[in-house]
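Structural characterization, general
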Amino acid sequence: MQQRHQSLVAAGHRGIDDVLDQCLQGGLGHLFTDTAVLLGRSLRHITRSPDTIITTAIMPIAMMLMFVYVFGGAIKTGSDSYVNYMLPGILLITVASGIAYTAYRLFMDMKGGIFERFQSMPTARSSVLWAHVLTSLVANLISLVVVVLMALLMGFRSGAGALEWLAVAGILILFTLALTWIAVIPGLSAKTMEGASAFSYPLIFLPFISSAFVPTDTMPGPVRVFAENQPVTSIVNAIRALFTQQPVGTDVWIALAWCVGILVVAYAFAMNTYRRKIS
């Protein structure tokens, strides 16, 4: 491993693809080490194109500005600050808009023949997917931090302690992983670039039919039933309770069950799609 690290340093001005070939062909046959190498490749692409993270954060921030300063005065939530009330929903929208780039990057790699190239090397087959998934996680976490910082500038305040913030982070990480594995499916199977990312639109819309922006008891009967029994509402309620240091009740367990359930199902479908693609 030390020799490979030295070879990376000594590679100097050689292209990153040449270095990548050397690493993968040098005996990194295990999942974790292969994933780490490919994760480095994906993260380098992100650092060379920071506009993807900026774009991901801009839409939720624009929505937050609009709802707080345009609609916030007309919406009665029982909360002292509307930005405090709506931030959990904005965080979920941030993740939903960010995973579209995961599908896009996977689609481009599939069309560019990168997957076929990696299959000719002694690599763990699922390491390519895991590298994209972890890249999505890192990029989305950065976008979430940007959105939270903007919310602080807009007046968001929370008395939550370290444990509550860690719990919020854990829920958001699970939610991101669940949606990212959903994104893997169209990323592998879409026929066009537009089709690869279009799946995220319903996911972005889902928080609007939940408790993210208004209490569900203000909604008409059928809409209320749907809103109270879809995953976003329980996740939003759990995060909101943690931010305000209120009892989380059963919401946190329902939220975790939704996240884990979606993650398991999406992972199974994504891996099945991947096997069919490379077989």
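Residues numbered from 1 in each chain as written. Predicted model: local features only at pLDDT ≥ 70, side-chain atom pairs only at ≥ 80, totals over all residues. Heavy atoms only, no water.

It is worth spelling out unusual backbone geometry at this point. Backbone geometry places Gln245, a non-glycine residue, at a positive phi of 60 degrees. For Gln245, a relative accessible area of 47% puts it in the partly exposed group. (Buried < 20%, exposed > 50% of the residue type's maximum accessible area, 1.4 Å probe, protein only.)

Below, the discussion takes up the environment of Leu256. Along the chain, Leu256 falls in helix α14 (residues 251-278). Accessibility expressed as a relative area gives 25% for Leu256, which makes it partly exposed. Sequence separation between Leu256 and Leu174 is 82 residues; the distance between their C-alpha atoms is 7.9 Å. Not counting chain neighbours up to four residues away, the residues in contact with Leu256 comprise Ile171 and Leu174. (Helix = DSSP H or I, 4+ residues; strand = E, 2+ residues; numbered from the N terminus. Contact = heavy atoms within 4.5 Å.)

Moving on, we come to helix α13 (residues 231-244). Taking 1.5 Å as the rise per residue, α13 with 14 residues should run 20 Å; its terminal C-alpha atoms sit 20 Å apart, in good agreement. Every buried residue of α13 is accounted for by Pro231, Val232, Thr233, Ser234, Ile235, Val236, Ala238, Ile239, Arg240, Ala241, Leu242 and Phe243. The opening residue of α13, the one whose side-chain oxygen lies 3.0 Å from the backbone nitrogen of Val232, is Gln230. Directly after α13, the chain includes Gln245, whose backbone phi takes a positive value near 60 degrees. (Expected span 1.5 Å × (residues − 1). Polar contact = N/O pair within 3.5 Å; in protein donor to acceptor, adjacent residues only side chain to side chain.)

Met64 and Phe213 are the most contacted members of the largest nonpolar core, which totals 49 residues. Where this core is concerned, the elements lending two or more residues are α4 (51-71), α5 (82-98), α6 (100-112), α8 (127-153), α9 (162-189), α13 and α14. Among the elements that make up this core, the one with the highest residue count is α5 (11 residues). When near neighbours in sequence (up to four residues on either side) are disregarded, Met64 contacts Val83, Met86, Leu87, Ile90, Val147, Met150, Ala151 and Met154. One finds Met110, Leu177, Ala178 and Trp181 within the second-largest nonpolar core, a separate group that totals 17 residues. (Core = buried A, V, L, I, M, F, W, Y, C linked by side-chain atoms within 4.5 Å.)

Here we take up a nonpolar patch on the surface. Together, Leu65, Met66, Tyr69, Val70 and Phe71 make up a nonpolar patch on the protein surface, roughly 480 Å² of accessible area in all. Structurally, Leu65 is set in helix α4. Accessibility expressed as a relative area gives 31% for Leu65, which makes it partly exposed. (Patch = residues over 30% accessible without salt bridge, like charges linked within 9 Å, V, L, I, M, F, W, Y side chains within 5 Å. Areas by Shrake-Rupley, 256 points an atom, 1.4 Å probe, with all protein chains shown as cover. Salt bridge = Lys/Arg side-chain N within 4 Å of Asp/Glu carboxyl O.)

Right, let's talk about a positive patch on the surface for a bit. A contiguous patch of positive charge, built from Lys111, Lys191, Arg276 and Lys277, is present on the exposed surface. Position of Lys191 relative to the elements: it lies in the loop between α9 and α10 (193-198). Under the relative-accessibility criterion, Lys191 is labelled exposed at 67%. (Lys, Arg positive; Asp, Glu negative; His and termini not counted. Charge placed at Lys NZ, Arg CZ, Asp CG, Glu CD.)

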